[in-house]
Amino acid sequence: MSQSKLLSTVLSVVLLSSLGACDIPDPQSHFACIGKGYVHRYRGGNELPAPGTDRVAFSLATGRDGDGYEISPDAPLPEHRNKSVRLDRARSNDAESLYAYDVTDRVTRERTLTTLVLNRSSGDFRLFHHRWVLPAEWKDSDQYFYSGSCAKSTA
């Protein structure tokens, strides 16, 4: 996907999301984000095809209370739409916010780790997700990582 097409997609998402909430006061900070990365998803020991996933564009909204965020529904990041990914105040600071979800199922020993790090000064972001069976079973796992930048928008 070309950089200009990616940017126009992000701007369209931001514009459409702002039109849908015109009559509601907006308590959130909005960002238009573009980044690069990789995706690896395995089922039964076979890697699933992930065409077109080396670049990502999405809109991001963080609440005033800072506890959570919303990511655009069309972004190929379904795990980051999990409302359990919450701000980790102990590992965040004035410049950088770390949102994290880290859970291990006691029965299946499946661990899920999903994080978003947003630098509120520079706009840089890092998205990470990894789901696997402990200690290191990969045959039915998911992992992706993206980094890039977000620009504050007026959505």
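Calculation criteria
Residues numbered from 1 in each chain as written. Predicted model: local features only at pLDDT ≥ 70, side-chain atom pairs only at ≥ 80, totals over all residues. Heavy atoms only, no water. Disulfide = S-S within 2.5 Å. Helix = DSSP H or I, 4+ residues; strand = E, 2+ residues; numbered from the N terminus. Buried < 20%, exposed > 50% of the residue type's maximum accessible area, 1.4 Å probe, protein only. Core = buried A, V, L, I, M, F, W, Y, C linked by side-chain atoms within 4.5 Å. Contact = heavy atoms within 4.5 Å. Polar contact = N/O pair within 3.5 Å; in protein donor to acceptor, adjacent residues only side chain to side chain. pLDDT = per-residue confidence, 0-100. Pairing = 2+ DSSP bridges. Phe/Tyr/Trp six-rings, centres within 6.5 Å; stacked < 30°, edge-to-face > 60°.

A closer look at the state of the cysteines
Here comes step 1: Under the criterion given, the structure shown has 1 disulfide.
Here comes step 2: Across the disulfide from Cys-33 sits Cys-150; the S-S distance is 2.1 Å. The sign of the S-S torsion, about 105°, decides the handedness of the disulfide formed by Cys-33 and Cys-150: right-handed. Note that Cys-33 is positioned in strand E1 (residues 28-43) and Cys-150 in strand E9 (residues 137-153), a separation of 117 residues in sequence.
Here comes step 3: For Cys-150, a relative accessible area of 9% gives the class buried.

Here's the deal with unusual backbone geometry
Here comes step 1: Following Leu-134, the chain continues to Pro-135 via a peptide bond in cis, the omega torsion being 5°.
Here comes step 2: At Arg-109, a residue that is not glycine, the phi angle is positive and equals roughly 65°.
Here comes step 3: Topologically, Arg-109 is positioned in the loop between strand E6 (96-104) and strand E7 (110-119).

What to know about the nonpolar core
Here comes step 1: Counting 20 residues, the largest nonpolar core has Phe-58, Leu-60, Leu-77, Phe-125, Leu-127 and Tyr-146 as its most contacted members.
Here comes step 2: Those elements that place two or more of their residues in this core are E1, strand E3 (55-63), strand E4 (69-71), E7, strand E8 (124-133) and E9.
Here comes step 3: In contact with Leu-127, not counting residues within four places along its chain, are Phe-58, Ile-71, Leu-77, His-80, Thr-115, Leu-116, Tyr-144, Phe-145 and Tyr-146.

A short note on the side chain of Ser-92
Here comes step 1: Checked against the element boundaries, Ser-92 lands in the loop between strand E5 (86-87) and E6.
Here comes step 2: Residue classification places Ser-92 among the buried residues on the basis of a relative accessible area of 18%.
Here comes step 3: From its side chain, Ser-92 meets the backbone oxygen of Asp-88 in a polar contact 2.8 Å long.
Here comes step 4: One polar contact links the side chain of Ser-92 to the main-chain amide nitrogen of Leu-98, over a distance of 2.9 Å.
Here comes step 5: When neighbours within four sequence positions are excluded, Ser-92 is seen to be in contact with Leu-87, Ser-97 and Leu-98.

Digging into the confidence of the model for the chain
Here comes step 1: Within the chain, residue pLDDT values average 83, and 80% of them lie at 70 or more.
Here comes step 2: Long-range and interchain partners of residues 6-26, a stretch whose pLDDT sits below 50, account for 22 contacts in this model, where long-range means more than four residues apart.

A look at the pairing of E9
Here comes step 1: As defined by bridge partners, E1 adjoins E9 across 12 bridges and the pair is classed as antiparallel. When the sheet's bridge partners are listed, His-40 is paired in E9 with Gln-143.
Here comes step 2: In terms of strand pairing, E8 meets E9 through 9 bridges, oriented antiparallel. What sits directly across from Phe-125, in E9, is Gly-148.
Here comes step 3: Hairpin geometry of E8 and E9 is characterised by an intervening segment of 3 residues between the two adjacent antiparallel strands.

Overview of the packing of aromatic side chains
Here comes step 1: Within the structure shown, the criterion is met by 5 aromatic pairs.
Here comes step 2: Plain terms: the ring middles of Tyr-38 and Phe-145 are 6.4 Å apart, the flat faces sit at 35° to each other, and that makes the pair tilted. Of this pair, Tyr-38 sits in strand E1 while Phe-145 is found in strand E9, placing the two residues 107 residues apart along the sequence.
Here comes step 3: Plain terms: the ring middles of Tyr-69 and Tyr-99 are 5.1 Å apart, the flat faces sit at 75° to each other, and that makes the pair edge-to-face.

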